[in-house]
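Notes for the structure review
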Number of protein chains: 2
Amino acid sequence: MNLKCSTIVLAAALLGGISAHAQTAPLEDFKPSTLNQPGQEYPQVNSQGYARFRILAPDAQKVVVSLGLGGTRGGTPLAKVTDSLWMGTTAGPMEEGFHYYHVTIDGGVFNDPGTSNFYGSTRWESGIEIPAHDQEFYALKNVQHGNVQQVLFPSKSTNTSRRAFVYTPPGYDKDLAKRYPVFYLQHGWGEDETAWSNQGHANLIMDNLIAEGKCKPFIIVMTYGMTNEIKFGGLRNFSITPFQTVLIDELIPYIDANFRTIADQPHRAMGGLSMGGMETKTITLARPDVFSHYALLSGGLYAPDDIKDKSKVKLIFLSCGSFERPDGVKNAAAALKAAGFNAVSYVSENTRHEFQTWRRSLHELAPLLFKD
Amino acid sequence: MNLKCSTIVLAAALLGGISAHAQTAPLEDFKPSTLNQPGQEYPQVNSQGYARFRILAPDAQKVVVSLGLGGTRGGTPLAKVTDSLWMGTTAGPMEEGFHYYHVTIDGGVFNDPGTSNFYGSTRWESGIEIPAHDQEFYALKNVQHGNVQQVLFPSKSTNTSRRAFVYTPPGYDKDLAKRYPVFYLQHGWGEDETAWSNQGHANLIMDNLIAEGKCKPFIIVMTYGMTNEIKFGGLRNFSITPFQTVLIDELIPYIDANFRTIADQPHRAMGGLSMGGMETKTITLARPDVFSHYALLSGGLYAPDDIKDKSKVKLIFLSCGSFERPDGVKNAAAALKAAGFNAVSYVSENTRHEFQTWRRSLHELAPLLFKD
């Protein structure tokens, strides 16, 4: 801690303004969050992971940012610092990685005009990025990049053209004789098919792994998994049927017809985060003839008895953040291993039910997929 | 007009509440705008083109929507209708098509949480769609769809990986021997490479034209054109050099290396809207060896003397909205024709410097591109 900072702490202590959470003042090395809209100075983060917000609202009575410590929604109240600006800093360092948030202005919920929006909680929310010690693995680097394509595929069961995003690895458009395995990767509740690229950086994680020779090139397909009444309600009345129909009967045939896939069960994986893990578990167990690699990211567990034909399963990957239920993941993988499955568990340190857990999970999982 | 509506007009007249703009009350057939976030009821539009807004802000003092009549920014003030909700309707029908807007809450500028965001004015703005009489040509239909791919291409001149979106027409991934012409299509000031897909529906316009056999399949490439100080200032200090370098020396070689293009001048077009038209004019004139088809959409004019070698130009397309300067466009095209150029002008009826003009312009232009 430098002198300037100590002085601030002392001044704050004298004023009696230190909360239980903020026993030291944050270092004053705040920089704009990497997710800010072009040219926007706020929100900012410092080297310790504190987040600082600034909102222009000259005549507002009350401004609160929903982001608080420890994954709670306690939030951070802003104070009026000029005639028009409200500012506030989190009471302590935030956990590493991506966080959704919003701003309550006089009781109405809005997005922070300084930052970009990400689809979560069934709405476009503000996002902020707390730089992580391991952020290099999803950084945009000077390597060969794959593409992320928006495809619109016909769906008779829902009578719509539905959207999917398809990651094709570097070189896909060069060697036109080569065919690739496919990983179907699902988002969580309230998110959509944009989440794994926008929040998750799935494409950059793959580009970097492939550039380092750590991962076989494969295709990733991401589509919308909330096809029924779970959309704006809870998960109580969830039925897998509509989504399973879209995925198995409509999307997979479309992808196999329009991309250079290896169109068989050994070269097809399914995974998902949170609700997407629940969908993955249900669909892989119902259709063992379709997928051979299964991945649940903070999204449930398999027990050995769940699986009827062990010979059809090449990999089971289970993960979560250390602030979730890591023992559940570890114990389930151990039980699967004891029963003869190729099962792997991964626990993301110091993260919870958020995208940093899932970025890391994909980074651990991808090298294990389609190894032979 | 039905009885219910007449009654409302009468009641309003008795109350003396009719403004010069609103001599009749709007028809009460409001529906959610097609751009709304999933499940959101507001904003709404009616069959006449009125827009109605509803904002939750219980303790706000003043709420104004920036969208007003006639392309002005006079805006629409909302009134508090319950303890928590503010509502308001435009003073008359809006022009057809897409409009950007935002909401001012107690002096701060925010987006409407009900609708989706679109990048314009160097920020993500709210958008609303007033259904147009000709909206079928950019509707999502049950036809074969092309894909829109995000590519990250290396740029030495800016020392970054830059983003472009590439539309590949239906069938691109089927017949791997076929090669395609390429149209480089630019956005306007304050927008970015997402605009032509998100606001413009360029991909759907192409899909529909191709399905009807009205247009040759070609590739469209859209990248960010604000590479220098014009970004957050005006256009005064504009230099074309940084963008021209990215486009000609970096993006075009990347596209030709990674997509199945016909990589020669006769099969390469450039066009742009507004500032993108200015860029198109400058670059096509500086590099007649690169492009053969030129298109300026509400983005300036060519004079016959601008062009040194007439034999290198296959098409010049000039367009604008009827509320812009249609005579300029018509006269310039006539002068070019008189001088022996294949010049075409198009005027979009009852639209101004907005995306409906440019959607229609692309719809008119595409069938003229790469005809032989």
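Residues numbered from 1 in each chain as written. Chains lettered and ligands numbered in written order. Predicted model: local features only at pLDDT ≥ 70, side-chain atom pairs only at ≥ 80, totals over all residues. Heavy atoms only, no water.

1. A look at the overall build of chain A
Looking only at helices and strands, chain A has seven helices and 20 strands in total. Split into buried and exposed, the 372 residues of chain A put 56% on the buried side. Of the roughly 14900 Å² of accessible surface on chain A, a fraction of 53% belongs to carbon and sulfur atoms. (Helix = DSSP H or I, 4+ residues; strand = E, 2+ residues; numbered from the N terminus. Buried < 20%, exposed > 50% of the residue type's maximum accessible area, 1.4 Å probe, protein only. Areas by Shrake-Rupley, 256 points an atom, 1.4 Å probe, with all protein chains shown as cover.)

2. Here we look at the domain arrangement of chain A
Residue and element names in this part refer to chain A. As far as domains go, chain A holds domain 1 (3-131) and domain 2 (137-368). Of note, the centres of domain 1 and domain 2, computed from C-alpha atoms alone, are 33 Å apart. Taken together, the contacts link 16 residues of domain 1 with 18 residues of domain 2. With both sides pooled, the region where domain 1 packs onto domain 2 buries about 1400 Å², and carbon together with sulfur makes up 48% of that total. For the interface between domain 1 and domain 2, the tally reads three salt bridges. (Domains from an automatic or database assignment. Contact = heavy atoms within 4.5 Å. Buried area = accessible area lost by both parts, 1.4 Å probe. Salt bridge = Lys/Arg side-chain N within 4 Å of Asp/Glu carboxyl O.)

3. Considerations on the packing of aromatic side chains
Residues and elements named next belong to chain A. Applying the stated rule across the entire model yields 30 aromatic pairs over all chains. Aromatic side chains Phe137 and Tyr138 sit 4.8 Å apart centroid to centroid with 85° between the ring planes, which places their arrangement in the edge-to-face category. Following the ring pairs from residue to residue traces out a cluster consisting of Phe98, Tyr100, Phe118, Trp196, Phe355 and Trp358. Its guanidinium or amino end placed over the ring of Phe30, Arg52 lies 4.0 Å from that ring's centre, counting from NZ or CZ. The ring of Tyr172 is capped by Arg260, whose NZ or CZ atom sits 4.2 Å from the centre of that ring. (Phe/Tyr/Trp six-rings, centres within 6.5 Å; stacked < 30°, edge-to-face > 60°. Lys NZ or Arg CZ within 6 Å of the ring centre and 35° of its normal.)

4. Notes on the interface of chain B and chain A
Counting residues at the interface gives 48 residues for chain B, matched by 48 residues for chain A. Across the interface of chain B and chain A, roughly 3800 Å² is buried in total on both sides, 53% from carbon and sulfur atoms. Our count for the contact surface shared by chain B and chain A stands at 11 residue pairs in polar contact (both at pLDDT 80 or more). The set of elements that each furnish at least two residues to the side of chain B that touches chain A consists of strand E3 (51-56), strand E10 (108-110), strand E11 (117-120), strand E12 (123-130), strand E13 (147-155), helix H3 (202-211) and helix H4 (241-258) of chain B. Sorting elements by how many residues they give to the side of chain B that touches chain A places E13 of chain B first, with seven residues. By residue class, the composition of the side of chain B that touches chain A is 23 nonpolar, 17 polar and eight charged. In this sheet, E13 of chain B lies alongside strand E13 (residues 147-155) of chain A in antiparallel orientation, the contact comprising three bridges. (Polar contact = N/O pair within 3.5 Å; in protein donor to acceptor, adjacent residues only side chain to side chain. Nonpolar A, V, L, I, M, F, W, Y, C, P; charged D, E, K, R; others polar. Pairing = 2+ DSSP bridges.)

5. Side note on the side chain of Glu279 of chain A
You can see Glu279 of chain A is positioned in helix H5 (residues 275-286). For the buried Glu279 of chain A, which has no salt bridge, the nearest side chain bearing the opposite charge is Arg162 of chain A, at an N-O separation of 9.4 Å. (Lys, Arg positive; Asp, Glu negative; His and termini not counted.)

6. Some points on the sheet that holds strand E7 (residues 85-89) of chain A
One open sheet holds the five strands; their spatial order is E1-E2-E3-E7-E6 (chain A), and the pairing between them is antiparallel. Each edge of the open sheet carries a strand with a single partner, namely strand E1 (31-32) and strand E6 (79-80) of chain A.

7. Examining the relation of the copies chain B and chain A
For the pair chain B and chain A, the superposition axis carries a translation of 0.0 Å, the fit reaches an RMSD of 0.0 Å, and the rotation angle comes to 180°. Here the transformation between the copies is reduced to the relation of a two-fold axis. Of every C-alpha in chain B, the one belonging to Gln149 of chain B sits nearest the axis of rotation, 1.9 Å from it. Looking at chain B, 100% of its interface residues are interface residues in chain A too, so the copies touch through the same face. (Least-squares fit on C-alpha atoms with pLDDT ≥ 70 in both.)

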